[in-house]
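Inside the fold
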Amino acid sequence: MQTGGQSWRVMKQKGYSPVFLGCGAVSLGKRKRIPWVSVALMASVFLVGQKRADAQVADKVPPAVEIMPGAGVIGQPRRVTPAENRSRKRHQGDWGAFNWGNGEFAGFGPVGTYGVAPWAEDWSSKKDPKNYTDFLDPLKAIRLNESGSIWLSFSGESRIRNWYESNPQLGTAGKRHSGRFTVRNLLGVDLHLGQHWRIFGQLNNGEAAGWNYYGYNATWRRRLGVQQLFVGYERKLLGAKTGILVGRQQFLDAPSWLVYMRETPNVPLSWNGVRGYAMWNRVRLDLYNFVGTQVTRDTIMGGGFDDDTRLYGGNIGIALQPFSIVGEQVHSFLDLFWMGFHYGGKSAAVARYKGSEAGTQTRQNGGFRWYGSAPSFEYELGGVYQGGRFHPGSSAVASRPVSAWAVRGVLGWRHSSSSLHPFLGVQAEAYSGGDNRRSEGTVGTFSAPFSPRNGTFDLTRTITRANIISAGPLVSIAPRPFMNIRIRVPYLWRESMNDGLYNSSSPFTFLSGAKLRRVGRAVGLQPQGQVQFQLQQHVNWQIDGGATLLTHRMRRAGGQNATYMLSTITLHF
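Note that the structure is predicted; figures quoted are calculated from it, not measured. (Residues numbered from 1 in each chain as written. Predicted model: local features only at pLDDT ≥ 70, side-chain atom pairs only at ≥ 80, totals over all residues. Heavy atoms only, no water.)

**Things to note about the overall build of the chain**
Helix and strand content of the chain: five helices and 25 strands. Across the 573 residues in the chain, those meeting the buried criterion constitute 54%. Within the chain, contacts between residues at least 6 apart in sequence are counted, and of these 63% link residues at least 24 apart. Of the roughly 23700 Å² of accessible surface on the chain, 60% is carried by carbon and sulfur atoms. (Helix = DSSP H or I, 4+ residues; strand = E, 2+ residues; numbered from the N terminus. Buried < 20%, exposed > 50% of the residue type's maximum accessible area, 1.4 Å probe, protein only. Contact = heavy atoms within 4.5 Å. Areas by Shrake-Rupley, 256 points an atom, 1.4 Å probe, with all protein chains shown as cover.)

Right, here's the structure in full:
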């Protein structure tokens, strides 16, 4: 039996090559073969999407295209009003003042037509067939008793990705012209047992192949696993919508640049534990205590609990009273959070002048996130301070204190009445670095080990949020209701010249020792572009491309320029 990698090599030896199709699939054919059937199919779907979009404009229903599921209220293609958020076409819950934009300030992740966490979607209106607007709506609310108090909702996602990289990991992955092909499937069921109780379960599956690929593990290749399985209870208490979730679940009540859902690999991030929340009209509280999930390829429940990986803390969210800036009314939301991390493995190692020191880390994060929206501008500001301890793997070496920080801001102008719906802004962020010359004393390098969102920083996870300053323009236009174009061109610097450059799990080996100061502070330019088509309610096609263009000094130190192209087609229901 051939493995995925062996199959690809055999096909290349026989004169076949993988052909990237625009829809995100791969066709195996002779090099000169043109996949006309696939092109025709794609064109027909595109035209259907355009026809549906024209109808949506006429009916004045919510816009078809959203950067969603995906956190980040700034730069969404088109604005959505609170009334539209509660329409039959969108499925946010009854969250009071938090039904704004993509709804992520309610604490359950972004929700539009669909959500990052399917259990956060509200499909209860579909119990009445009169409210059907789509041919799959009968699967979203199946009555199990006459009154409809017991009902079932199914959800699903299939994602297919083609991914090309010229020099993965700035040339350090040992591969050139890498091609990756990945498929993941998520299938969920949400059982509502009366007004208060629910049981939600979700299975996942992932496969990965390609040529000259690298980095595949159980988060990419998994036969069948339990992604989520929890019991929930919700009721009104002291005037608040109050609930508790116990079991394996996704957690998204945090700034997505600090904690998110492991969106790049096939198996999303899930946690085991308990979460409680209370939501009034303009104020909400959230408390949680989780341990990580061990992901294995073959066992359905994974390897069980990962007791060395922990996430715990609390959050206060406030929908602030509207105020005015330069004559425009601003709606804004403020999150204040305290969050604890405990983790080990590669991401917990501390870089040294040469090499690194293994160990575990405990970090306490105190921070805020403030988002505001006015008719002609939007902003998002956030910051966090990290304290804690690094515990070396050797008991003979003393532990070290942690003192790190991060700040992030996006400010932009939006012209919603224009046919292009432009968003023109600037995104800037900084993450502290340390001093690798020191083998004792304070660890100053910022760390975000729990899969922060890549799409708003570096989709390839080549450069991560540690010892880095990034600033540049952010532009988005939506020339058609089903289409969005997004461009971001940041320039990168190292925050500390005595600390290295980091990928998603460790510092780059080409930058250490005397090279740390010799190469200077500048890293290079990282242009990124994205085109997204919402072909219809269930089908989204997204094309991403970009490059990392290092400075001359960085290249002399051993790094290499890199480019990438990514095509993703996602089906939701």
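The rest of the description comes next.
**Points about the layout of surface pockets**
By volume, the second largest pocket amounts to about 920 Å³. Forming the boundary of the second largest pocket are 39 residues, of which His192, Gln195, Arg198, Glu234 and Lys241 lie nearest the centre. Of all elements in the fold, only β4 (150–165), β5 (178–193), β6 (197–211), β7 (222–237), β8 (240–249) and β9 (271–279) reach the threshold of two or more residues within the lining of the second largest pocket. With five residues, the single largest contributor to the lining of the second largest pocket is β7. Of the residues that constitute the lining of the second largest pocket, the class distribution is 14 nonpolar, 13 polar and 12 charged. (1 Å grid on protein atoms, 1.4 Å probe; cavity = no way out; pocket = protein on both sides within 12 Å on 5 of 7 lines; lining within 4 Å. Points joined across faces, edges and corners; volume = space filled by probe spheres on them. Nonpolar A, V, L, I, M, F, W, Y, C, P; charged D, E, K, R; others polar.)

**Some words on a nonpolar patch on the surface**
On the surface, a nonpolar cluster with roughly 770 Å² of combined accessible area is contributed by Leu237, Leu238, Trp280, Val283, Leu285, Ile316, Leu336, Phe368 and Leu381. Along the chain, Val283 falls in strand β10 (residues 283–294). (Patch = residues over 30% accessible without salt bridge, like charges linked within 9 Å, V, L, I, M, F, W, Y side chains within 5 Å. Salt bridge = Lys/Arg side-chain N within 4 Å of Asp/Glu carboxyl O.)

**Side note on the packing of aromatic side chains**
Per the stated rule, a full pass over the model turns up 27 aromatic pairs. Taken together, a centroid distance of 5.5 Å and an interplanar angle of 80° make the contact between Trp119 and Phe230 edge-to-face. Highlighted residues: Trp119 in the loop between α3 (82–85) and β3 (142–143) and Phe230 in strand β7, separated in sequence by 111 residues. The exposure class of Trp119 is buried, given its relative accessible area of 5%. Residue Phe230 is classed as buried on the basis of its relative accessible area of 1%. When the ring of Tyr431 is compared with that of Phe457, the centres are 6.2 Å apart and the planes differ by 85°; the resulting orientation is edge-to-face. Taken together, the residues Tyr431 in strand β18 (residues 423–431) and Phe457 in the loop between β18 and β19 (468–480) connect sequence positions 26 residues apart. (Phe/Tyr/Trp six-rings, centres within 6.5 Å; stacked < 30°, edge-to-face > 60°.)

**Comments concerning the confidence of the model for the chain**
Averaged over all residues, the pLDDT of the chain equals 86, while 86% of them reach at least 70. Ignoring residues within four places in sequence, the model shows residues 1–63, a span with pLDDT below 50, making 92 contacts including any to other chains. (pLDDT = per-residue confidence, 0-100.)

**A look at the side chain of Glu121**
Counting through the fold element by element, Glu121 comes out in the loop between α3 and β3. At 4.2 Å, Lys140 is the nearest oppositely charged side chain to Glu121, a buried residue that forms no salt bridge. Side-chain polar atoms of Glu121 contact the backbone nitrogen of Gly115, separated by 2.8 Å. At 2.7 Å, the side chain of Glu121 and the side chain of Trp123 are in polar contact. In contact with Glu121, other than residues within four places in its own chain, are His91, Val111, Tyr114, Gly115 and Lys140. (Lys, Arg positive; Asp, Glu negative; His and termini not counted. Polar contact = N/O pair within 3.5 Å; in protein donor to acceptor, adjacent residues only side chain to side chain.)

**Some remarks on the pattern of salt bridges**
Within this structure, the stated rule accounts for 17 salt bridges. Here Asp435 makes a salt bridge to Arg437, at a shortest N to O gap of 2.9 Å. Under the relative-accessibility criterion, Asp435 is labelled partly exposed at 23%. What makes Arg437 exposed here is its relative accessible area of 52%. One network of salt bridges, in which partners are shared, links Glu104, Asp253, Arg275, Arg284, Asp286, Asp335 and Arg369.

**Looking at the pairing of strand β22 (residues 522–525)**
Where a strand is regular, its side chains alternate between the two sheet faces. Both strand β21 (residues 491–493) and β22 contribute to a ladder of three bridges, which runs antiparallel. Residue Trp493 lies in a different strand from β22, and its bridge partner there is Ala522. In the sheet, β22 pairs with strand β24 (residues 539–550) via two bridges, with the strands oriented antiparallel. Opposite Gly524, over in β24, you have Leu550 as the bridge partner. (Pairing = 2+ DSSP bridges.)

**Focus: the pairing of β4**
Strand direction decides the pairing type here: β3 and β4, joined by two bridges, are antiparallel. Counterpart to Ile142 in the pairing with β4 is Leu152. Taken together, β3 and the strand that follows it, β4, pair antiparallel across an intervening segment of six residues, in which Gly148 is found at a positive phi of about 85°. Pairing of β4 with β5, which is carried by 16 bridges, proceeds in the antiparallel orientation. Within the sheet, the bridge partner assigned to Glu157 lies in β5 and is Leu186.

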